[in-house]
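Inside the fold
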Amino acid sequence: MIEVTDLHKGFNGEEILKGITTTFERGKTNLIIGTSGSGKTVFLKCLLGLFTPEKGSICYDGTTYSDLNTQQQRDLREQMGMVFQGSALFDSMTVEENVMFPLMMFTKQKKEEMLERVHQVLKRVNLENAEKKLPSEISGGMQKRVAIARAIVTRPKYLFCDEPNSGLDPRTAIVIDNLIKEITEEYDIITVINTHDMNSVMEIGEKIIFLRYGHLEWEGDKTQIFKTDNEAVTDFVYSSNLFKKVRNAQLKGL
Amino acid sequence: MFYLDDIGRYFLMLKGVFSRMTKGSVLRNLIFKEIDDLIIGSLGITIFLAFFIGAVVAIQTALNLTNPLIPKKLIAFASRQSVILEFAPTFISVIMAGKVGSFITSSIGTMRVTEQIDALEVMGINSLNYLVFPKIIAMLTYPFVIAIAMFVGIFGAYIAGVYGGFVSSTDFLTGLREEFIPYHLVYAFIKTFLYSFLLATIPSFHGYYMKGGALEVGKASTSAFVWTTVVIIISNYILTQLLLS
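Here's what I pulled together on the structure shown here. (Residues numbered from 1 in each chain as written. Chains lettered and ligands numbered in written order. Predicted model: local features only at pLDDT ≥ 70, side-chain atom pairs only at ≥ 80, totals over all residues.)

It is worth spelling out the overall build of chain A at this point. Helices and strands together make up the secondary structure of chain A, namely nine helices and 10 strands. Against the globule reference of 18 Å for 254 residues, chain A gives a C-alpha radius of gyration of 19 Å, in line with a compact fold. In terms of overall dimensions, chain A has C-alpha extents of about 60 × 45 × 30 Å along its principal axes. For chain A, long-range pairs separated by at least 24 residues make up 66% of all intrachain contacts whose partners lie at least 6 apart in sequence. (Helix = DSSP H or I, 4+ residues; strand = E, 2+ residues; numbered from the N terminus. Rg over C-alpha atoms; globule rule 2.2 N^0.38 Å. Contact = placed C-beta atoms within 7 Å.)

Here you go:
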């Protein structure tokens, strides 16, 4: 479990995160939602250890990150996988090399063993025939799948995804969402996804936290979010025309 | 204050570059790749520039030696001294600040923009060591490029001087060997080693700490070229005072 307690973070005197307290459970897909500028990415980067909070603590399965020395923090980070918004694949490496990269850096496995694991993971994300291609030669959806494969190749305990389906068509976005959910259950990892896509919320939102102006405004699951009377959450959820029509239809009893 | 802040960050970056080393087998491959990109890839332009610089120096010297009492072998002497002491180490390095420097800044800057550096950090990798250290080691072979530039520059001077009808081949070769001080080569290579370090680290600094998008990558590349050139020129002055005065 990841336990976040009273997390504060700011830049140049402006407070971005204003005392967030929450938990993320193992084997579940945890979603952070909120409008642009609500502090989602800063929160995710704090969870990853890329930003140091000014106040508060983050505890990973009983280990408080700020209590660790640099080497221990590095060891903990090796247990984290991250899927970046733009995939962040190394563009000079092939798909196979990108996925093999964490293994090369942190294991003493032979090349054959590494390749076996890489092909196993690529098969899991349905990318068996793209091993020798460069990231620029594959589609956005495929790049996301490579990023997922790279994130899980070392069997991490924690998986973080920053808007994993942004820029993808709705069908591919659902494929990516389901893939993340399946991997979370299969590997029994803690997955935290940063998104503002309501389709993702409906598909995989086992736990959802809603951030607003750096505060934790609301938390619950995908069934509760459509029933909440929190105005800010309702505004966010029903901001799309499709959801508005669905809601109006529900209200009219259609 | 702004510049002091940057200077401070530059030295902190250097500290980061030499700490938490990347796995040896990975580093070795990166170093070979950087040698290919930064050094081998620069040989063509260096040879081209050095040949014509040497040729122009010879012609300019010949055209300015109007007094018949001055021996023609001085053309070779002046060309050798100019090429070895300044044109090969300093002039070529300023050109390299544009070629190698902008390549380094834009490649690291693009990695910053596309979150590839964040990806390295999340994996627990010291991104400074991974990205900058191989470039510094690769640039240690830069003095070989300058040695080639010296040879080609003098060859260019020979071709322009002899085949341009300014000096006979015998006079040129005599002048080339006259009053040769080996320490001048030591001086030139000490400068080159310093420049190679500057060429690797200043553009890396500008790329690594850049913020923004594609436009800022371009601005960072320009800024890297300007600052690398400024530091090369200033250090040239200081080293010349220290080593030759």
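After that view, the rundown keeps rolling.
Secondary structure assignment for chain B yields nine helices and zero strands. Shown N-terminal to C-terminal, the secondary structure of chain B runs as helices and strands in the order α-α-α-α-α-α-α-α-α. Across its three principal axes, chain B shows a C-alpha extent of roughly 70 × 40 × 35 Å. At a minimum sequence separation of 6, the contacts of chain B that also span at least 24 residues come to 88%.

This part is about the environment of Leu239(B). All names here are of chain B. Counting through the fold element by element, leucine 239 comes out in helix H9 (residues 214-244). Taking the C-beta count within 10 Å as the criterion, leucine 239 has 17 such neighbours and is therefore assigned partly exposed. Considering only alpha carbons, one finds leucine 239 and threonine 170, 69 residues apart in sequence, at a separation of 35 Å. Once residues within four sequence positions are removed from consideration, leucine 239 is found in contact with Ile190, Lys191 and Leu194. (Buried ≥ 20, exposed ≤ 12 C-beta atoms within 10 Å, placed from the backbone.)

Residue and element names in this part refer to chain A. Judged by pairing direction, the sheet is antiparallel, and its four strands sit side by side in the order E2-E1-E4-E5 without closing on themselves. Each having just a single partner strand, strand E2 (14-24) and strand E5 (63-64) make up the two edges of the open sheet. Relative to strand E4 (residues 55-60), strand E1 (residues 2-11) is paired through five bridges, and the arrangement is antiparallel. In the strand pairing of E4, histidine 8 is matched with lysine 55. Running at roughly 60° to E2, helix H1 (residues 40-48) makes contact with E1, E2 and E4 of the sheet. (Pairing = 2+ DSSP bridges. Axes fitted to C-alpha atoms, helices over the stretch in contact; angles between N-to-C directions.)

The strands making up a sheet associate through hydrogen bonds between their backbones, and the pairing can be parallel or antiparallel. Residue and element names in this part refer to chain A. On the basis of which strands lie adjacent, the open sheet formed by six strands has the order E6-E7-E8-E3-E9-E10 and mixed pairing. Each of the sheet's edge strands pairs with one partner strand only, and the pair in question is strand E6 (80-83) and strand E10 (215-220). Adjacent strand axes in the sheet meet at a mean angle of 20° when their direction is disregarded. Where strand E9 (residues 207-212) and E10 come together, five bridges link them in antiparallel fashion. Along E10, the bridge assignment pairs isoleucine 209 with glutamate 219. Along the sheet, helix H5 (residues 140-152) makes contact with E6 and strand E7 (158-162), crossing E6 at roughly 170°.

Core analysis: the largest hydrophobic core is formed by 131 residues, its most contacted members being Ala149(A), Phe160(A) and Ala88(B). Per element, the largest residue contribution to this core is 14 residues, and it comes from helix H3 (residues 73-113) of chain B. Excluding residues within four positions of it along the chain, Ala149(A) makes contact with Val99(A), Val121(A), Leu122(A), Val125(A) and Leu127(A). (Core = buried A, V, L, I, M, F, W, Y, C linked by C-beta atoms within 7 Å.)

On to the interface of chain B and chain A. Counting residues at the interface gives 12 residues for chain B, matched by 14 residues for chain A. Top contributing element to the side of chain B that touches chain A by residue count: helix H4 (residues 116-122) of chain B, with five residues.

Quick look at the packing of helix H2 (residues 24-64) of chain B against H3(B) now. Residues and elements named next belong to chain B. Packing of H2 against H3 brings their axes to within 9 Å, and their N-to-C directions diverge by 145°. For the crossing formed where H2 meets H3, the hand is right-handed. Along the lines of polarity and charge, the residues of the contact of H2 with H3 split into 18 nonpolar, six polar and one charged. (Left-handed = near helix turned anticlockwise from the far one by under 90°. Nonpolar A, V, L, I, M, F, W, Y, C, P; charged D, E, K, R; others polar.)

This brings us to unusual backbone geometry. All names here are of chain A. Here aspartate 61, not a glycine, exhibits a phi torsion of approximately 45°, which is positive. For aspartate 61, the location among the structural elements is in the loop between E4 and E5. At aspartate 188, a residue that is not glycine, the phi angle is positive and equals roughly 50°. One can find aspartate 188 in the loop between helix H6 (170-187) and strand E8 (190-194). A tally of 9 C-beta atoms within 10 Å means that aspartate 188 is categorised as exposed.

Turning our eyes to something else, we now look at helix H6 (residues 142-163) of chain B. Taking 1.5 Å of rise per residue, 22 residues should cover 32 Å, and H6(B) covers 31 Å from first to last C-alpha, within 8% of that figure. In the segment just after H6(B), Gly165(B) is the residue with positive phi, at about 80°. (Expected span 1.5 Å × (residues − 1).)

This brings us to the environment of Phe103(B). Residue and element names in this part refer to chain B. Of note, phenylalanine 103 is situated in helix H3. Phenylalanine 103 gets classed as buried once you count the C-beta atoms within 10 Å, which come to 20. For the pair phenylalanine 103 and isoleucine 125, spaced 22 residues apart in sequence, the C-alpha separation works out to 23 Å.

Moving on, we come to H5(A). All names here are of chain A. If you check H5, its first and last C-alpha atoms are 19 Å apart, about what 13 residues at 1.5 Å a residue would give, namely 18 Å. All of the buried residues along H5 are Gln143, Lys144, Arg145, Val146, Ala147, Ile148, Ala149, Arg150, Ala151 and Ile152. Considering only its buried residues, H5 is in contact with E6, helix H3 (95-106), helix H4 (111-124), E7 and H6.

Attention shifts here to the packing of H3(B) against helix H8 (residues 182-208) of chain B. Residues and elements named next belong to chain B. Running from N to C, H3 and H8 cross one another at 20°; their axes reach a closest spacing of 7 Å. As far as their axial angle goes, H8 and H3 are roughly parallel. In this structure, H3 crosses over H8, and the sense of that crossing is right-handed. For the contact of H3 with H8, the class distribution of residues is 15 nonpolar, 12 polar and two charged. (Parallel < 35°, antiparallel > 145°, perpendicular 65-115°, else oblique.)

All names here are of chain A. Of all the five residues making up strand E3 (residues 29-33), five are buried; the element is thus mostly covered by neighbouring parts of the structure. Burial along E3 is two-sided: Thr29, Leu31 and Ile33 facing one way and Asn30 and Ile32 facing the other are all buried. Direction of pairing for E3 relative to E8: parallel, over a ladder of four bridges. Looking at the pairing, asparagine 30 lines up with valine 192 of E8. Pairing between E3 and E9: four bridges, direction parallel. Of the residues in E9, the one forming a bridge with leucine 31 is isoleucine 208.

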